[in-house]
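What the coordinates show
What follows is the residue order along each chain.
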Amino acid sequence: MRNRRVVIVGAGFGGLQAAQSLANSGADVLLIDRHNYHTFVPLLYQVATGQIEPEYIAYPIRTILRRFSFNYRRQHQKPQVQFLMAEVEQIDFSGQIVKTAKGAIDYDFLVLATGSRTQFWGVSGAEEYAFPMRSLEEAVALRNHIFSCFEQAIQESDAAKRRQLLTFTIVGGGATGVEMAGALVEMLRGCLRRDYPTIGFGEVKIILVQSGDRLLVEFPKKLGNYTYKKLHQLGVEVYLQTRVSQLTQGFVHLENAEIIPSASVIWTAGLEANLPGVLEELPVAHKGKIVVHPTLQALEHPNVYAIGDLAYVEKNGKSLSGVAPEALQQGVAVARNIQQQIRGKSPKPFNYFNKGRLAIIGCYSGVGKIGAFAFTGFLAWLMWLGVHLVYLPGYRSRLLVLLTWVHTYLGSDRHVRVILSSKTMSVQHRLADLPYLQESR
């Protein structure tokens, strides 16, 4: 009798954890992803602001699989967990087939862990003119753009165009938006001030636009208020209860009729489920997430599981927020439930254990909540660094990131300031075509 085949689509936090937990289960596991590396998404903003190299947070999937399946391979010629680099084109739930560009793959159990993508909320021009930050390529493109803005600003004689080039607008006041704002301030106070001495500190404007009445809505209100005050002290202009109505090239249009001349719009305003193509529609909830049973099984397909940003899971009447710890715990739970089903037993409900939340503001400050204890300042900042260093895969990556952080925070410098040639032409063309600020505006 052949081993049961488990196909996992997506090598993010949840998918990798599910594969690792199934490594010695007796099932044949196939992990599929469009890339051959795992991206440590929480540090993408540091790539975008020139703090760390892109390679530091991109870890080869095959290396990860090799490590946790080593003991099994010593006793068997064939590894129990295999990897396929391919794009999933369609999934046939009835036929239990995953169709990829490299062929069709049948499965006994399917784990969907394809994560999320940027949600533009139907804002006109957002997809064309804003910079999302969900992939390594997008983070590098944003880094190229930021430094290109400064390079062009020092050559710009028109004061209005110069202000436009030096205005950075972040849309979305969640953790990523706050982290990005703080990182831009750190970069401005450090390397950029020394590299571009002809640009005054007051010329650069960092704006954070948030539709709600406070920042970090997933944290207690007092931590959101602290974040607002801290960013204000750092020189960030925070617009609360403000919505973007439209983006045009070089301008941010707000619903209150205000227009912000800005060559750089960084979009961190939300995410939606990144569901691959399916032949049979699945029930979905808010942000396109798949509605699942408490066991994380799809409603009408007991051998199909959804985890991470793809799954709509409730706890105490509220949906989970989709952070990495949730995906990791779901990966373990799904692996356990699949083993239960293989043994002929019923799967068990998933119960998320919240270990707490941390967010970094920048300039040696952060916020955190663990249990009933909420804290701010240097302790939260230091804990954020420590937690992310622990979760970052690979000892070499951890060492390099740690050394980079030490260099950055002790020397107030960032050594990753190159504009890559593969992106330079498109970025410079985009900046060159920016319309000038008209007096009528």
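Because the structure is a prediction, the values reported are computed rather than measured. (Residues numbered from 1 in each chain as written. Predicted model: local features only at pLDDT ≥ 70, side-chain atom pairs only at ≥ 80, totals over all residues. Heavy atoms only, no water.)

Bringing the overall build of the chain into the picture now. Across its full length, the chain holds 13 helices and 27 strands. Here the chain has a C-alpha radius of gyration of 23 Å; the compact-globule value for 441 residues is 22 Å, and the two agree. By principal-axis analysis of the C-alpha atoms, the chain measures approximately 75 × 50 × 45 Å. Classification of the 441 residues of the chain by burial places 54% in the buried group. Of the contacts made within the chain by residues no fewer than 6 positions apart, 67% connect residues no fewer than 24 positions apart. In the form shown here, the chain has an accessible surface area of approximately 20,100 Å², with 51% of it arising from carbon and sulfur atoms. Taking the average location of the 46 positive side-chain charges in the chain and that of its 35 negative ones, the two points are 10 Å from each other. (Helix = DSSP H or I, 4+ residues; strand = E, 2+ residues; numbered from the N terminus. Rg over C-alpha atoms; globule rule 2.2 N^0.38 Å. Buried < 20%, exposed > 50% of the residue type's maximum accessible area, 1.4 Å probe, protein only. Contact = heavy atoms within 4.5 Å. Areas by Shrake-Rupley, 256 points an atom, 1.4 Å probe, with all protein chains shown as cover. Lys, Arg positive; Asp, Glu negative; His and termini not counted. Charge placed at Lys NZ, Arg CZ, Asp CG, Glu CD.)

Despite not being glycine, Leu-216 shows a phi value in the positive range, around 50°. Its relative accessible area of 0% is what places Leu-216 among the buried residues. Of note in this structure, Tyr-364 is not a glycine but carries a positive phi near 65°. By secondary structure assignment, the location of Tyr-364 is in the loop between strand 25 (357-360) and strand 26 (366-370).

If you walk through the whole model with that rule in mind, you get 6 salt bridges. Put simply, Arg-5 and Asp-106 hold a salt bridge, and the shortest N to O gap is 3.1 Å. Here Arg-5, found in strand 1 (residues 5-9), pairs with Asp-106, found in strand 8 (residues 103-106); they are 101 residues apart in sequence, far enough to count as distant. Across the pair Asp-309 and Arg-134 runs a salt bridge whose closest N-O atoms are separated by 3.8 Å. Within this pair, whereas Asp-309 is found in the loop between strand 21 (301-306) and strand 22 (311-312), its partner Arg-134 is found in the loop between helix 5 (126-129) and helix 6 (136-153), the two being separated by 175 residues in sequence. (Salt bridge = Lys/Arg side-chain N within 4 Å of Asp/Glu carboxyl O.)

Further remarks concern a positive patch on the surface. A cluster of basic residues, Arg-336, Arg-343, Lys-345 and Lys-348, forms a positive patch on the protein surface. If you trace the backbone, Lys-348 turns up in the loop between helix 10 (324-342) and strand 25. (Patch = residues over 30% accessible without salt bridge, like charges linked within 9 Å, V, L, I, M, F, W, Y side chains within 5 Å.)

Two orientations exist for strands paired in a sheet by backbone hydrogen bonds: parallel and antiparallel. Strand order in this open sheet of 6 strands is 5-2-1-9-21-20, and the pairing throughout is mixed. Either end of the sheet is taken by a strand with one partner, and the two such strands are strand 5 (81-85) and strand 20 (297-298). Pairing of strand 1 with strand 2 (residues 28-33), which is carried by 5 bridges, proceeds in the parallel orientation. Note on strand 2: the bridge partner recorded for Val-9 is Ile-32. (Pairing = 2+ DSSP bridges.)

To continue, consider the pairing of strand 27 (residues 373-377). In the sheet, strand 26 pairs with strand 27 via 5 bridges, with the strands oriented antiparallel. Note that in strand 27 the partner of Ile-370 across the bridge is Phe-373. Between strand 26 and strand 27, which pair antiparallel and follow one another directly, the connecting turn spans 2 residues, one of which, Gly-371, has a positive phi of 65°.

Attention now moves to the layout of surface pockets. There is about 590 Å³ of room inside the second largest pocket. If you go around the second largest pocket, you meet 19 residues; those closest to its centre are Glu-218, Lys-318, Ser-319, Asn-354 and Arg-357. In terms of residue class, the lining of the second largest pocket is built from 6 nonpolar, 6 polar and 7 charged. (1 Å grid on protein atoms, 1.4 Å probe; cavity = no way out; pocket = protein on both sides within 12 Å on 5 of 7 lines; lining within 4 Å. Points joined across faces, edges and corners; volume = space filled by probe spheres on them. Nonpolar A, V, L, I, M, F, W, Y, C, P; charged D, E, K, R; others polar.)

What follows covers the UniProt feature "transmembrane region" (unreviewed entry) in the chain. Per the UniProt record, the feature "transmembrane region" (unreviewed entry) sits at residues 370-392. For residues 370-392, the end-to-end C-alpha separation is 21 Å, with 61% helix and 26% strand making up the annotated structure. (UniProt positions renumbered as here; feature names shortened; annotations may be inferred.)

The next point concerns helix 8 (residues 175-195). Since there are 3.6 residues in each turn of an α-helix, residues three or four apart along the chain are aligned in direction. The first and last C-alpha atoms of helix 8 sit 29 Å apart over 21 residues, in line with the 30 Å expected at 1.5 Å per residue. At Leu-188, helix 8 shows its strongest bend, of approximately 45°. Most of helix 8 sits out of view: 16 of its 21 residues are buried. (Expected span 1.5 Å × (residues − 1). Bend = angle between axes of the 7 residues up to and from the residue.)

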